[in-house]
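Chain and residue survey
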Amino acid sequence: MQSVHILGGRAGQVLPHLLRMIGEEYAQRQRIILLVPEQYTLQAERELIQGLNLPGLIDLDVLSPRRLSRRVAERGGRGKLA
């Protein structure tokens, strides 16, 4: 069964915990979706690639709430939302 982990905290304090958790799940070949604020998606991708020494983001998606809602709509058969 898949689980959802919600982390919250001050800027800069969550990243070390997040990298550890994602690194453990990624090593087990788990699919990961990281939900971040709209303006933080590119920076979060960069921090994950650098912090985990990854060649890319395979099986790891960094999404904003807007992009997540679009994906849910697309997979639910409703097509793209505005």
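To keep things clear, this report deals only with the structure shown in the data block. (Residues numbered from 1 in each chain as written. Predicted model: local features only at pLDDT ≥ 70, side-chain atom pairs only at ≥ 80, totals over all residues. Heavy atoms only, no water.)

**Description of the pattern of salt bridges**
Between side chains of opposite charge, a pair can form as their charged atoms come close. By the definition in use, this model includes five salt bridges. The partner of Asp-61 in a salt bridge is Arg-31, and the shortest N-O contact between them spans 2.5 Å. Note that Asp-61 is positioned in strand β2 (residues 60-63) and Arg-31 in the loop between α1 (15-27) and β1 (32-35), a separation of 30 residues in sequence. A residue is classified by how much of its surface remains accessible, and Arg-31, at 46% relative accessible area, is partly exposed. Across the salt bridge formed by Arg-71 and Asp-61, the nearest N and O atoms sit 3.2 Å from each other. With Arg-71 in helix α3 (residues 65-75) and Asp-61 in strand β2, this pair connects stretches of sequence that are 10 residues apart. Taking relative accessible area as the criterion, Arg-71 reaches 22% and is therefore assigned partly exposed. (Salt bridge = Lys/Arg side-chain N within 4 Å of Asp/Glu carboxyl O. Helix = DSSP H or I, 4+ residues; strand = E, 2+ residues; numbered from the N terminus. Buried < 20%, exposed > 50% of the residue type's maximum accessible area, 1.4 Å probe, protein only.)

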